[in-house]
Amino acid sequence: MQNKSIIVALDTVTLNETSSIISELDPNKCMVKVGSVLFNAEGRAALDLVANAGFEIFFDLKFHDIPNTVKSSIESFKSFPIKFFTVHLSGGKSMLSAAKEAAELINAGCIGVSVLTSLSNEEAYTVYTRSIENTVSDMFELAKSSGGTGVVCSPLELKLAQAVIPNLIKITPGIRANQNKTDDQTRTLSAKAAITQGADFLVIGRPITEAKDIGSAFDAIYHSIYE
C-alpha cells in the first residue's frame, strides 16, 4: 500500500474545476480536502464527485456550534467516505465530546483546529490576549482530554504538538514549495521538513492545484518526501 500522507486541497468553486484536478491525481497516493469554498458552492455533489473517483475525504468545514447542532450536522454525512472532519477546538469540551460521538457513528476521525495558520502572533494577542504558542498549547491539551483523533496545526507548532500530544494525529497546512511574500499563510514550511518534524498528513493546495502540470507537481512533492 502506498503512503497517502498528502491531502490535496480542492479550493475550487465548480465541479468542472474539481473534476479536472482530481483526474490528474491518484487516489492511492493522496486524499482530497473538501472545505467551505467548494462545499458552499456545490454542496454534497462535490462529495459525490470525489467519492465516486475513489478518494477518501478530509472534510474541512471546521464545525463550531452548540453541541447538539454539531453532532447532528456531522452525522448527516454518514454515507460519504470521510476519513477525517474538522472542528474548532475553541468550541469547548462539550462540543468536542458531541463531535466525538458523531465521529464514531460515521466512522471518521475528529480533528481539532487550534489556531488558523493565517493568524500572526500580533493578531493572536488581539483575539486570544496571549501568544500563539500559549493558546495552541492549551488547545492541544483540550484535544487530548476530549478524546479527539488529532489536530490541525501550523508546521511551526509541530515541535510543541510532539511534546504535548505525541499520540494524536497531526495534520499540517501551510505547506509550500517556496516561500512567497504575498502568501496569506504566515506560518509555513516545506513538505519534507514538516514530515521530518512530526506531521502525519500534509494539506497542500495551490502548489499542486495551480500548477501548469498538476500530476507532475504532485509527484515532485511526493517524491521530495519519500525518496
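Because the structure is predicted, anything quoted here is derived from the model rather than measured.

K.L.:
Hey, could you run me through the sheet that holds strand β1 (residues 6–9) in this one?
P.N.:
Strands pair in a sheet through their backbones, by hydrogen bonds, and they do so in one of two ways: parallel or antiparallel. With parallel pairing, 8 strands are arranged side by side around a closed barrel as β1-β2-β3-β4-β5-β6-β7-β8. Averaged over all pairs of adjacent strands, the angle between strand axes in this sheet comes to 25 degrees, irrespective of strand direction. In the sheet, strand β6 (residues 150–152) pairs with strand β7 (residues 169–172) via 3 bridges, with the strands oriented parallel. Bridge pairing in β7 places G150 opposite I169. With respect to the sheet, helix α5 (residues 93–106) is in contact with β3 (57–63), β4 (82–88) and β5 (109–113), its orientation differing from that of β4 by roughly 170 degrees. Against the sheet, helix α11 (residues 214–226) engages β1, β2 (30–35) and β8 (201–204), with an angle of about 155 degrees to β1.

K.L.:
Is there a simple way to think about unusual backbone geometry in this case?
P.N.:
Negative phi characterises most residues that are not glycine, and trans characterises most peptide bonds. Phi at N107 is positive, roughly 60 degrees, even though this residue is not glycine. Of note, N107 is situated in the loop between α5 and β5. Unusually for a residue other than glycine, T129 sits at a positive phi of about 60 degrees. Along the chain, the position of T129 falls in the loop between α6 (121–128) and α7 (132–145).

K.L.:
I keep staring at the pairing of β5 and nothing clicks. Help me out?
P.N.:
Looking along a regular strand, one sees the side chains alternate between the two faces of the sheet. Most of β5 is tucked away: 5 of the 5 residues are buried. Where burial is concerned, the two faces of β5 agree: the one with G109, I111 and V113 and the one with C110 and G112 are both buried. Pairing between β4 and β5: 5 bridges, direction parallel. From the neighbouring strand, H88 faces β5, where its bridge partner is V113. Running through α5, the crossover from β4 to the neighbouring parallel element β5 is right-handed. When β5 meets β6, the two strands line up parallel, connected through 3 bridges. Each bridged residue has a counterpart across the sheet, and for I111 the counterpart in β6 is G150.

K.L.:
I tried to follow the pairing of β4 on my own but got confused; where do I start?
P.N.:
Counting buried residues in β4 gives 6 out of 7 residues, a clear majority hidden from the surface. Bridge analysis of β3 against β4 gives 4 bridges, and the strand direction is parallel. Counterpart to F58 in the pairing with β4 is F84.

K.L.:
Would you explain the pattern of salt bridges in this entry?
P.N.:
It is possible for side chains of opposite charge to pair when their charged atoms get near one another. Overall, the coordinates contain 9 salt bridges when judged by the stated rule. Note that D60 and K62 form a salt bridge whose closest N and O atoms lie 2.9 Å from each other. Its relative accessible area of 26% is what places K62 among the partly exposed residues. In this structure, K144 and E141 form a salt bridge, with 3.4 Å as the shortest nitrogen-oxygen distance. With a gap of 3 residues between them, K144 and E141 both fall in helix α7, about one helical turn apart.

K.L.:
Is there a simple way to explain the nonpolar core in this structure?
P.N.:
Nonpolar side chains tend toward joint burial in soluble globular proteins. Formed by 63 residues in total, the largest nonpolar core has its most connected members in I6, F59 and F85. Sort the elements by how many residues they give to this core and α5 lands first, with 6 residues. By size, the runner-up hydrophobic cluster in this structure holds 11 residues, among which are A9, F84, V152 and V203.

K.L.:
Explain the packing of aromatic side chains to me, please; I cannot follow it from the model alone.
P.N.:
The geometry of an aromatic ring pair is captured by two quantities: the separation of the ring centres and the angle between the planes. With the rule as written, the count across this model stands at 8 aromatic pairs. Here F59 and F77 contribute two aromatic rings whose centre-to-centre distance is 4.7 Å and whose plane-to-plane angle is 65 degrees, an arrangement assigned as edge-to-face. With a gap of 18 residues between them, F59 in strand β3 and F77 in the loop between α4 (67–75) and β4 connect regions that are remote in the sequence. Like F77, F59 is buried. Here the aromatic rings of F77 and F80 are separated by 6.4 Å at their centres, their planes lie at 45 degrees, and the arrangement is tilted.

K.L.:
How should the confidence of the model for the protein be read in this particular structure?
P.N.:
When pLDDT is low, close inspection of the predicted coordinates is not appropriate. Across the protein, the average pLDDT comes to 91, with 93% of residues at or above 70. When the criterion is pLDDT under 50, residues 179–187 qualifies, and its contacts beyond four places in sequence or with other chains add up to 25 contacts.

Reading the values: rules and limits
- Per chain, residues are indexed from 1 in the order of the written sequence.
- With pLDDT at 70 or above as the cut-off, local features in this predicted model cover only qualifying residues; side-chain atom pairs require 80 or more to be listed or tallied, and sums for whole chains, interfaces and linings still use all residues.
- Side-chain metrics in this entry use all non-hydrogen atoms of the structure; hydrogen atoms and water are not considered.
- By the convention used here, strands pair only if DSSP detects at least 2 bridges between them.
- Working definition: helices are DSSP H or I runs of at least four residues, strands are E runs of at least two. Numbering for both runs from the N terminus.
- Helix axes are fitted only over the stretch in contact, all axes being lines through C-alpha atoms; the angle between N-to-C directions runs from 0 to 180 degrees.
- In what follows, residue pairs with any heavy atoms lying within 4.5 Å of each other are defined as contacts.
- Exposure is judged per residue with a 1.4 Å probe applied to protein chains only, and the accessible area is read against the type maximum: over 50% gives exposed, under 20% gives buried, and values in between give partly exposed.
- Looking down the strands as they point away from the viewer, one classifies a crossover as right-handed if the path from the first strand across the helix to the second runs clockwise.
- The working definition used for a salt bridge is a side-chain nitrogen of Lys or Arg within 4 Å of a carboxyl oxygen of Asp or Glu.
- Put simply, buried Ala, Val, Leu, Ile, Met, Phe, Trp, Tyr and Cys residues joined by side-chain atoms within 4.5 Å make one nonpolar core.
- Classification of ring pairs rests on two measures: the distance between centres of Phe, Tyr or Trp rings, Trp counted by its six-membered ring, which must be within 6.5 Å, and the angle between planes, read as stacked under 30 degrees, edge-to-face over 60 and tilted in between.
- Values of pLDDT, ranging from 0 to 100, describe the predictor's confidence in every residue of the model.

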